[in-house]
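Here are the chains, one letter per residue:
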Amino acid sequence: MLQNYFTIALRHLSRNKAYSFINIFGLAIGLACFILIATYVLFELSYDNFHEKGDRIFRLTSYGSFGGEAREFDSTPTAAYPTFTRQFPEVETGVRIYDVSGFSPMVVNYKDKLFEEAGFLFADSTFFDIFSFKVLRGNPNTLLDDLNAVVLTESAAKKYFGEEDPLDKSITTNGTTEYRVTGVVADAPANSQIKFDFIASFHTLEGWREEIWSSANFTTYLQLNSPNAAPELEKKIRTYMGTALGENMPANSFLTYVLQPMRDVHLRARVEGGLEPGSDIRYVYIFSAIALLILAIACINYMNLSTARAAERAREVGVRKVIGALHNQLFQQFLGESTLVSFAALLLGLFGAYLLIPAFNQLTDRDMTFVFLENPYALAGLIGIGVLVSLISGSYPAFMLSGFQPIRVLKGDFKTSGGGVQLRKVLVVFQFAVSIFLIVGTIVVQNQLAYIQNRKLGYNKDQVLVLPTDGKIRQNLERFKTEFEAIPNVQRVALGTETPTFVQGGYSIWGEGKPQDFQLGVRALAIDKDYVPVLDMNIVSGANFTDADYADVNKEDYKEKYYRFILNESAATALGWKSEEAVGKRVSLNGRQGEIKAVVEDFHFSSLHEAIGPLVMFIDNVQLNKILLKLDGDQISSAIAALQSKWKALAPHRPFDYQFLDEEFSNLYDTEERTGRIAATFAGLAIFIACLGLFGLTAFAAQQRTKEIGVRKVLGATITDIVTLLSKDFLLLVAISMLIAFPVAWWAMNNWLEDFVYRINVSWWIFALAGIGALAIALLTVSSQAIRAANTNPVESLRSE
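An account of the accompanying structure is given in this report. On a predicted model such as this, the values are computed, not experimentally measured, just so you know. (Residues numbered from 1 in each chain as written. Predicted model: local features only at pLDDT ≥ 70, side-chain atom pairs only at ≥ 80, totals over all residues. Heavy atoms only, no water.)

1. Regarding the overall build of the protein chain
- A count of helices and strands for the protein chain gives 27 helices and 25 strands.
- Put simply, 81% of the contacts in the protein chain that link residues at least 6 apart link residues at least 24 apart.
- As displayed, the protein chain offers around 35,300 Å² of accessible surface, 55% of which is attributable to carbon and sulfur atoms. (Helix = DSSP H or I, 4+ residues; strand = E, 2+ residues; numbered from the N terminus. Contact = heavy atoms within 4.5 Å. Areas by Shrake-Rupley, 256 points an atom, 1.4 Å probe, with all protein chains shown as cover.)

Okay, here's the thing in structure tokens:
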């Protein structure tokens, strides 16, 4: 019986090659899209699941207010982990991690090998006890116990030592500090938020060995004795911090610490920053929905074409029923055909997705493996999806075909039901509504990204090259500036703690006329006198820093130091002054006494997701981690070549590794850009699959109306008349799809844009462009078949009449 069903199914598929191709190819594309997106979703959801103690590991973040709005930030002080371990029995242990590359990448040297390394971390000796990174060489219990101990990943060990045994060998960082290799671990998995090439002993960090609360520069994780201990522990921490800091906290200020499960950090992080830029759980939901919708569109193609061609199989059903075939047998046969088509498409889709994984990794900026061939549960789930697709796409056609009445069919009195026609129309409307929704979404995302790139930031990010410094370079910064400024195509050189794209330094400021215990939380950075001019910042009152200002802060006696400050407009307003009133006012920034020299126009110093807050720039000669060079826009290549030559002479211990400021700015929006690329790709595939089904339906409609078209041509109908006759019904369905898709897309995209403080409006032209595009694509699809039908010789179609 099954062999008979299989034979009949193959005959039917081979007899109708075009429709079989559309069915299988359309479903294969839909399933390939589903498999690729499912791979991405499963990868995102798997972040940090490999840690054996993962359910008890929590990231500690700071939450507080210093006279301003309360906010949460990812960095914590050195005192938090050891203090909480001693004070609270819920905390078993913890680890502090410092990412030195946040300010300046570490340069690692071994013999003749010299590389700049972004993955250089410092961590407590508990690191490998808490986290489940596989130790390949060395004693896991003592890897980071000693000062200047360092652990390398397998890739880093091969990079520097080749086939040598790296244990007990020494590497040098930034040309100054030697580290002894105490172990080798497997490379961090791609789905780990903690990625590294080197882990050095935390106590190697000079100046950070004491337990202090006043400076927060570290990522802290705590291992609790129970996954459910976090809520009660947070309450205890809040109470403890209120008592411990007590009188040291300014009025209207507070500071506490909150916990977030480690496995939630990647997708549900409440704060920006951290060891790796996170994603967003909402994008997982969005892409999951896109995967299901694309699969639904592909299934609808099969349903529509199968039911539309019901008349061709009506006589077969009638004959088989007359000779004794039962309803259930016919239902099983037609469902078996659907299963055959679905699993043929599944195999093609699986093979296609496997081939596309490298390209998909580039599109998503991920390093994913093909989980469906590695994980038996994932493969079983995919087979289940194949069965489900067979049932969804095949049940209705099988039910309809097996239900034909043999007497009416064999008497030639068979017609497809009006209900079936209406269902096909509804399904076509659904297909194009989904496609149009995705088109609108893609346009909105791309326009928001264009708006971000073109928005006036308050500084000029173009043709600004950024170089990192280190301890050696900072000892001789003035010579670097002088040598670089002598290069013809370098217009000006500036120094700063950070670039303006994402200022992270948290400070508090007191202002003249305020109560002594007043403190306003601000972001701040040290700069030199060229920083403001290099970035074309607009001074609205006062004047820029001068050499005299630098001399006042460069005095050896700390008591004689006198600082000058430049505030942004938001900081001046928060202190209660207009811009012109602020100049000359006395202020104190974390103990730095001085006066306001100028006020600059507000500029964006963080993501456009956030409103511009108060910012302070002060002239100083410490921790100037960045060199910013304004280049001649017409001679960038020659300028870079000259800079590289100077750099080799001035800093032979460090590779010439630069980045442009506009690239650094673009990196802030990697998640949105990735979303836009993925959405655009799958929106195109969705409308292609929908048009594939529309193509098949149009071809079938033209075939069914062959004689009608012949009569109309004999009576004088033009090609335009015939094309209009066959196209108008389908184009009407696309128009109805727009009416459904537009309001849903408007709501969804406005909801997405709410994450941006600075955003575009979802304008009417976006919907017009999407609608015209969808109509044009549908018209081209329908017209190709309609024109072919219109050009058929009427003599051929009417010969049998």
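2. What to know about a nonpolar patch on the surface
- On the surface, F351, Y354, L355 and L373 cluster together into a nonpolar patch covering about 450 Å² of accessible area.
- At three residues, helix α10 (residues 327–364) tops the list of elements feeding residues into the nonpolar patch. (Patch = residues over 30% accessible without salt bridge, like charges linked within 9 Å, V, L, I, M, F, W, Y side chains within 5 Å. Salt bridge = Lys/Arg side-chain N within 4 Å of Asp/Glu carboxyl O.)

3. Considerations on the packing of helix α16 (residues 477–485) against helix α21 (residues 636–650)
- It is at 10 Å that the axes of α16 and α21 come closest, and there the two elements cross at 150°. Considering their axes alone, α16 and α21 lie roughly antiparallel with respect to each other. Of the two elements, α16 crosses α21, and the hand of that crossing is right-handed. Residues R479, F480, E483 and F484 of α16 lie in contact with α21, whose contacting residues are L643, K646, W647 and L650.
- Residue composition of the contact of α16 with α21, grouped by class: five nonpolar, no polar and three charged. (Axes fitted to C-alpha atoms, helices over the stretch in contact; angles between N-to-C directions. Parallel < 35°, antiparallel > 145°, perpendicular 65-115°, else oblique. Left-handed = near helix turned anticlockwise from the far one by under 90°. Nonpolar A, V, L, I, M, F, W, Y, C, P; charged D, E, K, R; others polar.)

4. Points about the packing of aromatic side chains
- Taken as a whole, this structure holds 43 aromatic pairs when the rule is applied.
- Aromatic side chains F127 and F133 sit 5.6 Å apart centroid to centroid with 5° between the ring planes, which places their arrangement in the stacked category. For the pair F127 and F133, one class covers both residues: buried.
- A ring pair is formed by Y507 and F618, whose centres lie 6.0 Å apart and whose planes are at 65°; its orientation type is edge-to-face. Highlighted residues: Y507 in strand β17 (residues 506–511) and F618 in strand β23 (residues 615–619), separated in sequence by 111 residues.
- Classification of Y507 by relative accessible area gives partly exposed; the value is 22%.
- Under the relative-accessibility criterion, F618 is labelled buried at 2%.
- Clustering of aromatic rings is evident, with ring pairs tying together F50, F127, F128, F131, F133, F196 and Y221.
- Just above the ring of F115 sits the side chain of K159; from NZ or CZ to the centre is 4.4 Å.
- Looking at K514, its charged tip hangs above the ring of F518, at a distance of 5.5 Å from the centre. (Phe/Tyr/Trp six-rings, centres within 6.5 Å; stacked < 30°, edge-to-face > 60°. Buried < 20%, exposed > 50% of the residue type's maximum accessible area, 1.4 Å probe, protein only. Lys NZ or Arg CZ within 6 Å of the ring centre and 35° of its normal.)

5. Details of α16
- Of all the residues in α16, the buried ones are L477, F480, K481 and F484. Seen from one end, α16 has its buried residues packed into an arc of 100°, which puts them on one side.
- Check the buried side of α16 and you find it contacts β15 (464–468), α15 (471–474), β16 (490–496), β24 (626–631) and α21. (Arc of directions from axis to C-beta.)

6. Considering α21
- Taking 1.5 Å per residue as the helical rise, α21 with its 15 residues ought to reach 21 Å, and the 21 Å between its terminal C-alpha atoms agrees with that figure.
- Within α21, burial applies to A639, I640, L643, W647 and L650. Taken around the axis of α21, the buried residues stretch over an arc of 95°, which confines them to a single face. Along α21, the residues that are exposed and aim more than 90 degrees away from the buried face are S637, K648 and A649.
- On the buried face of α21, the contacting elements are β15, α15, α16, β16, β24 and β25 (659–660). (Expected span 1.5 Å × (residues − 1).)

7. A closer look at the pattern of salt bridges
- The tally for this structure, following the rule as stated, stands at 29 salt bridges.
- As a salt-bridge pair, E512 and R586 come within 4.0 Å of each other at their nearest N and O atoms. Of the two residues, E512 sits in the loop between β17 and β18 (520–527) while R586 sits in strand β21 (residues 586–589), which places them 74 residues apart along the sequence.
- What makes E512 partly exposed here is its relative accessible area of 27%.
- Here the salt bridges share partners, and the residues they tie into one network are K481, R492, D528, K529, D530 and D547.

8. Re unusual backbone geometry
- Despite not being glycine, D365 has its phi angle at roughly 60°, a positive value.
- Located in the positive-phi region is Q463, a residue other than glycine, with phi close to 55°.
- One can find Q463 in the loop between α14 (418–454) and β15.
- Since its relative accessible area comes to 31%, Q463 is described here as partly exposed.

9. Digging into the packing of helix α3 (residues 80–87) against helix α6 (residues 230–245)
- With their axes 12 Å apart at the nearest point, α3 and α6 run at an angle of 110° to one another. When the interaxial angle is binned, α3 and α6 end up roughly perpendicular. Two secondary-structure elements touch here, α3 through T83, F84 and Q87 and α6 through I237, Y240 and M241.
- Its residues assigned to classes, the contact of α3 with α6 shows four nonpolar, two polar and no charged.

10. Here we look at the pairing of strand β20 (residues 563–568)
- In terms of residue burial, β20 counts as a mostly covered element, since six of its six residues are buried.
- Of the two faces of β20, the one carrying Y563, F565 and L567 and the one carrying R564, I566 and N568 are both buried.
- Pairing of β20 with strand β22 (residues 592–600), which is carried by six bridges, proceeds in the parallel orientation. Paired with N568 across the strands is V600, a residue of β22.
- Judged from the three bridges that link them, β20 and β23 form a sheet pairing that is antiparallel. Directly across from F565, in β23, lies its bridge partner F618. (Pairing = 2+ DSSP bridges.)

11. What about the nonpolar core?
- By size, the foremost hydrophobic cluster in this structure holds 163 residues, and its most contacted members are F484, M617 and L629.
- With 16 residues, helix α2 (residues 17–45) is the largest single contributor of residues to this core.
- Once residues within four sequence positions are removed from consideration, M617 is found in contact with L525, I527, Y531, V532, M537, F545, R564, F565, I566, V600 and F603.
- In terms of nonpolar packing, the next biggest core, distinct from the first, is built from 22 residues, Y98, V100, V108 and L152 among them. (Core = buried A, V, L, I, M, F, W, Y, C linked by side-chain atoms within 4.5 Å.)

12. Concerning the side chain of R56
- Mapped onto the elements of the fold, R56 is located in the loop between α2 and β1 (57–66).
- Here E92 takes part through its side chain, which lies 2.8 Å from a polar atom of the side chain of R56.
- In this view, R56 contacts E92, L222, Q223, L224, N225, S226 and P227; residues no more than four positions away in its chain are not counted. (Polar contact = N/O pair within 3.5 Å; in protein donor to acceptor, adjacent residues only side chain to side chain.)

13. Points about the environment of K713
- Its place among the elements puts K713 in helix α24 (residues 706–714).
- Its relative accessible area of 23% is what places K713 among the partly exposed residues.
- Sequence separation of K713 and T792 is 79 residues, and the distance between their C-alpha atoms is 9.5 Å.

14. Re the pairing of strand β6 (residues 113–117)
- As paired elements, strand β5 (residues 106–110) and β6 share five bridges and run antiparallel to each other. Residue pairing across strands places M106 opposite E117, the latter belonging to β6.
- Remark: two residues form the turn of the hairpin made by β5 and β6, two consecutive strands paired antiparallel; K111 in that turn has positive phi of roughly 55°.

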